[in-house]
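# Coordinate inspection notes
Letter by letter, the chains look like this.
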Amino acid sequence: MEDEVRAPSSADFGTLLRRHRLAAGLSQEALAERAHMSTNGIGALERGYRRTPQRETLELLVSALALEGEQREAFETAALATPRRAGGSVTLGPWTGHGASPLPLALTSFVGRDAELAEIASLVREYRLVTLTGSGGVGKTQTALRAAAALADDGESVVRFASLATADDSALVDAVADAIGVRDAGSRPLLETLLGYLKNKSLLLILDNCEHVVSEAASFVDALLAACPDVRVLATSREPLRTAGERTFRLPSLSEPGSLELFADRARAVEHRFEINRENAAAVAELCRRLDGIPLAIELAAARVNLLSVKALTERLDARFRILSGGERTALARHQTMRATIEWSFNLLSEREQRLFERLAIFVGGCTLAGAEAVASDAELAPGDVFDLVSSLTEKSLVVADVEAVRPRYRLLESTRAFASEKLAASDERAELARRHALWMAELADRAAATGRTMPTQPWGIEFGPELDDARAAFEWALFANEHAIAARIAAGFTSVWLTMRGQTEPRRMLDAVIPHLDPEGAPAIAAQVWRTRATLTFAADRIEAARRALELDERGGDYFGQVVSLYQITAGLLQSGRIEEAEAINDRAMRICREHGLTSSRRYAWVLDIGARRAARLGLVEEARSLYADALSVMIAFGDELDAATIRQNIGELEFGEGRYEQALEYAESALASARRADLKHREGSAMTNSAACRLMLGDVDGAYLTAREALALVQGAQTFETTVAIQHLATVAALRGDAELAARLSGYVDAWYARVGYERDVTERKTSEVLTAALRARLSEDEIAALAAAGAHLTEEQAAADAFG
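Because the structure is a prediction, the values reported are computed rather than measured. (Residues numbered from 1 in each chain as written. Predicted model: local features only at pLDDT ≥ 70, side-chain atom pairs only at ≥ 80, totals over all residues. Heavy atoms only, no water.)

Now for the overall build of the protein. From N to C terminus, the protein includes 40 helices and eight strands. Sorting the 807 residues of the protein into buried and exposed places 55% on the buried side. Taking all contacts inside the protein whose residues are at least 6 apart in sequence as the whole, residues at least 24 apart take part in 72%. Summed over its atoms, the accessible surface of the protein is roughly 33,500 Å², and 49% of this surface lies on carbon and sulfur atoms. (Helix = DSSP H or I, 4+ residues; strand = E, 2+ residues; numbered from the N terminus. Buried < 20%, exposed > 50% of the residue type's maximum accessible area, 1.4 Å probe, protein only. Contact = heavy atoms within 4.5 Å. Areas by Shrake-Rupley, 256 points an atom, 1.4 Å probe, with all protein chains shown as cover.)

Take a look at the structure:
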């Protein structure tokens, strides 16, 4: 229930309202009818249990009571003196897991849902799955967000918001994992990774826009609630999920007072002098009734008051809503209400606005202004006109503008995009527009790859991360249309963005799909880029093979920067394979190319220096390694990339670790961890934490190592296979030191098998902690016992090993 504050002024206003009503000889019902309000609303105001009315509602009451002069002034003064409700929050049960909730910010007011919010709160408190249902545009998403925001503000639960508006069945789990912050490397199904991560978490998940993936959503929720006892779900859908334990709440249309308040608020956004008065109150009420109290329909109508009077709007509505009143009973509610509403608004647009509105539907996840200009313009619609038209569509509530983004983005709401997509499909320009969209995404992919050489990691990810949904859609179109060069550019150019923002699964799928269609003779540069990129997703021998394919093409085309990248990948694969002398020769060649061709100010040169330092450290050449690390760090600092500089410092920490300077190594690891957390990059956090855990083990801080390694595993499980293995090794070491030798031996067997399978030779931190683990096992078990338990552990899946390590 909501907590109300009953101030004396509130009671005074209620008393005054009741006095005037009785003096006028009116019942509450009669006053409600005159003022276009509900009887319950009048009663709540008189008792002081409802917040003071908005200005337009106050005007309606003044008009209905015929107050003038001093009576009117006293009545308005009492209303204005009433303080607002304190907090205005929805209070749920005493949940744990306090934390910030990354919910979309509401940029407009929210009206008319006080009673519904209280009832939704009660349902969410009692049941683990609550689904808000209702017709399109009725406000399910905003109502769920408002309830969740109140919950988050009260600090009663962690809340996460997963929008499924752009997801299909195959991408549903991806969307939820992205909202939660879980990454996937493809080593096991993402659903298993997600459930494993949430198993011991307490949070409320908002699962928004389920109707187009309702069966998959139902299956997912079934699995989630069965596996994660402290997770609750608040879903929005146009139909129930129809799964066990579900409680549905059908969100009704706005009441008449709420509709009037919403109309007035949105109308003032385009005409600041607009207000509901005695002359237009009846017409506004009629218009809102004819719009079924659906918020989106009301907003679309209100956005036109700067062009048409309310009466004229109502008259035009008559002609457009014949389809609505005479539609088929079996048609979806969305087609009976929102289609008619949006089509009516669409028909009010100019021809040029209509064309742009249709064309914006090609963007799955929204676009920047530059994207709209590149894709939606043509001979009839000049690029220079796009901004004015986008602005106009935004003002008319057909386009949503995110002006807080680094680069402002524009998108269509789900319902309006569906309508625009149908219009676009019926036109003769859909195919050409899809091609322009794919070419634009290929251009962005090229830009992402190019700026990745010179742009710091965090702003680079912020710029290109929002384009990933459109990159996927454009890639699928290009592959289907046999535009393999376009598909290859998109896959290769966006791989690093996927890795930074979401994990390995999607770029690996894309690259594997396009590799059979590469044309090394006709398009050698594209083929080389694909193979170079594929190398980043592999280890040891596989990494070397992919990079060598790229290097051959780089050399043929005279691409010196490409050669440096390919040589770097070969060096990394050789070090992972323990082939250190070969790595030295390859890395020296990469350094020479950088120096001979003016590439020494690039991020890639810093990484060539860094991997050269790692090679020197492997050979015991400590001073040489320190010198190379210092040079690499200097380049990266000059480059302005805090994250990559922190990673180099972490590598310096590994050098100090190898020299037995564990406290200094821990400082470097903690510094890298702080940088990764500031950027919210989970895989970087996990890497730094595994190093931190190793340092703590060597310093004798077993409890600190346990907590750090456990947190690292929760972050990277399924997202970074190498880091997952390292975290399991550290937890196995903790188990051995605490006396659970059998568990430690099994986990050790899993870790050893992973290293053997991928051909990866342990780094110094993993070697030394492995030595601690082995010594602890031998102190408690015989060699035969260790071998038998390790053999059993070698057959564990990653999920099983992680579960044992968590346990």
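Next comes the rest of the account.
What follows covers the environment of Ala-450. Tracing the backbone through its elements, the reader meets Ala-450 in helix 21 (residues 430–451). As a C-alpha pair, Ala-450 and Gly-493 span 43 residues in sequence and 8.5 Å in three-dimensional space.

Attention now goes to the pattern of salt bridges. Under the definition given, this model contains 44 salt bridges. Across the pair Arg-589 and Glu-555 runs a salt bridge whose closest N-O atoms are separated by 2.2 Å. Residue Arg-589 is found in helix 29 (residues 580–596), and its partner Glu-555 is found in helix 27 (residues 540–557); the two are separated by 34 residues along the sequence. By relative accessible area, which is 27% here, Arg-589 ends up partly exposed. For Glu-555, a relative accessible area of 37% translates into the label partly exposed. A single network of salt bridges, built from pairs that share partners, joins Asp-469, Arg-472, Glu-476, Glu-506 and Arg-509. (Salt bridge = Lys/Arg side-chain N within 4 Å of Asp/Glu carboxyl O.)

Non-glycine residue Asn-209 carries a positive phi angle of around 65°. By secondary structure assignment, the location of Asn-209 is in the loop between strand 3 (203–208) and helix 10 (214–227). The exposure class of Asn-209 is buried, given its relative accessible area of 11%. At Ala-540, a position not held by glycine, the phi torsion is positive, near 45°.

Our next topic: the pairing of strand 2 (residues 158–163). Counting buried positions over the six residues of strand 2 gives five, a clear majority of the element. Where strand 2 meets strand 3, six bridges bridge the pair, whose relative direction is parallel. Bridge pairing links Val-159 to Leu-204 in strand 3. (Pairing = 2+ DSSP bridges.)

Now for the nonpolar core. Leu-356, Phe-357, Leu-360, Ile-490 and Phe-494 are the most contacted members of the largest nonpolar core, which has 108 residues in total. Ignoring any residue separated from it by four or fewer positions in sequence, one finds Leu-360 in contact with Cys-367, Ala-372, Leu-393, Val-399 and Leu-412. Core analysis: the second largest hydrophobic core is formed by 76 residues, Ala-175, Ala-741, Tyr-755 and Leu-781 among them. (Core = buried A, V, L, I, M, F, W, Y, C linked by side-chain atoms within 4.5 Å.)

Once that is clear, we can look at a negative patch on the surface. Taken together, the side chains of Asp-740, Glu-742, Asp-784 and Glu-785 make up a negatively charged region of the molecular surface. In this fold, Glu-785 is placed in helix 39 (residues 783–793). (Patch = residues over 30% accessible without salt bridge, like charges linked within 9 Å, V, L, I, M, F, W, Y side chains within 5 Å. Lys, Arg positive; Asp, Glu negative; His and termini not counted. Charge placed at Lys NZ, Arg CZ, Asp CG, Glu CD.)

Between its terminal C-alpha atoms helix 27 stretches 26 Å, which fits the 26 Å expected from 18 residues at 1.5 Å a residue. On its buried side, helix 27 packs onto helix 26 (524–535), helix 28 (560–576), helix 29 and helix 37 (741–758). Note on helix 27: the residue one or two positions beyond its end, Gly-558, has a positive phi of about 70°. (Expected span 1.5 Å × (residues − 1).)

Along the chain, Ala-147 falls in helix 7 (residues 140–153). Exposure remark for Ala-147: the relative accessible area of 8% places this residue in the buried category. Placed 26 residues apart in sequence, Ala-147 and Ala-121 show a C-alpha to C-alpha distance of 7.1 Å.

Between the first and last C-alpha of helix 21 there are 31 Å, a value that for 22 residues agrees with the 32 Å anticipated at 1.5 Å per step. Those residues of helix 21 that sit buried are Leu-433, Ala-434, His-437, Ala-438, Trp-440, Met-441, Ala-442, Leu-444, Ala-445 and Ala-448.

As a further point, take the packing of helix 30 (residues 603–618) against helix 31 (residues 622–639). Interhelical geometry of helix 30 versus helix 31 gives an angle of 160° and a closest axis separation of 8 Å. One finds that helix 30 runs roughly antiparallel with respect to helix 31. In this structure, helix 30 meets helix 31 at a crossing whose hand is left-handed. In this structure, helix 30 contributes Arg-603, Tyr-605, Ala-606, Trp-607, Leu-609, Asp-610, Gly-612, Ala-613, Arg-614, Arg-615, Ala-616 and Ala-617 to the contact, and helix 31 contributes Glu-624, Ala-625, Leu-628, Tyr-629, Asp-631, Ala-632, Val-635, Met-636 and Phe-639. Across the contact of helix 30 with helix 31, the residue classes break down as 14 nonpolar, one polar and six charged. (Axes fitted to C-alpha atoms, helices over the stretch in contact; angles between N-to-C directions. Parallel < 35°, antiparallel > 145°, perpendicular 65-115°, else oblique. Left-handed = near helix turned anticlockwise from the far one by under 90°. Nonpolar A, V, L, I, M, F, W, Y, C, P; charged D, E, K, R; others polar.)

This paragraph deals with the sheet that holds strand 7 (residues 400–402). The sheet built from three strands is open, its strands ordered 6-8-7 with antiparallel pairing. Each edge of the sheet is formed by a strand with only one pairing partner; in this case those strands are strand 6 (367–368) and strand 7. Pairing geometry for strand 6 and strand 8 (residues 409–411), over two bridges, is antiparallel. In the strand pairing of strand 8, Thr-368 is matched with Arg-409.

Another aspect to go through is the sheet that holds strand 3. Taken in spatial order, the five strands line up as 2-3-4-1-5 in an open sheet, and their pairing is parallel. Of all strands in the sheet, those bounded by a partner on one side alone are strand 2 and strand 5 (246–250). Each neighbouring strand pair of the sheet contributes to a mean axis angle of 20°, computed without reference to strand direction. Relative to strand 4 (residues 231–236), strand 1 (residues 129–133) runs parallel, the two being bridged by four bridges. Within strand 4, the residue paired with Leu-132 across the bridge is Thr-236. Against the sheet, helix 8 (residues 172–180) touches strand 2 and strand 3, its axis set at about 145° to strand 2.

Quick look at the packing of aromatic side chains now. Under the criterion given, the structure shown has 13 aromatic pairs. Residues Phe-346 and Phe-419 carry aromatic rings whose centres are separated by 5.6 Å and whose planes lie at 65° to one another, so their mutual orientation is edge-to-face. With Phe-346 in helix 16 (residues 333–348) and Phe-419 in helix 20 (residues 414–426), this residue pair connects regions lying 73 residues apart in the sequence. Phe-419 gets classed as buried once you look at its relative accessible area, which sits at 6%. Ring centres of Phe-722 and Tyr-760 lie 4.8 Å apart, and the angle between their planes is 5°; this geometry places the pair in the stacked category. With Phe-722 in helix 36 (residues 721–737) and Tyr-760 in the loop between helix 37 and helix 38 (764–778), the pair connects residues that are 38 residues apart, well separated along the chain. Residue Phe-722 is classed as buried on the basis of its relative accessible area, which comes to 13%. Linked through ring pairs, Phe-539, Phe-722, Trp-754, Tyr-755 and Tyr-760 together constitute an aromatic cluster. Positioned above the aromatic ring of Tyr-197 is the side chain of Lys-201, whose terminal nitrogen or guanidinium carbon lies 4.2 Å from the ring centre. (Phe/Tyr/Trp six-rings, centres within 6.5 Å; stacked < 30°, edge-to-face > 60°. Lys NZ or Arg CZ within 6 Å of the ring centre and 35° of its normal.)

Mean pLDDT over the protein works out to 83, with 87% of the residues at or above the 70 mark. Contacts from residues 1–11, a stretch scored under 50 in pLDDT, to residues over four places away or in other chains number 23 contacts. Every residue in residues 319–337 is under pLDDT 50, and counting partners more than four places away or in other chains gives 25 contacts. (pLDDT = per-residue confidence, 0-100.)

By secondary structure assignment, the location of Arg-359 is in helix 17 (residues 351–359). Overall, Arg-359 belongs to the buried group, its relative accessible area being 1%.

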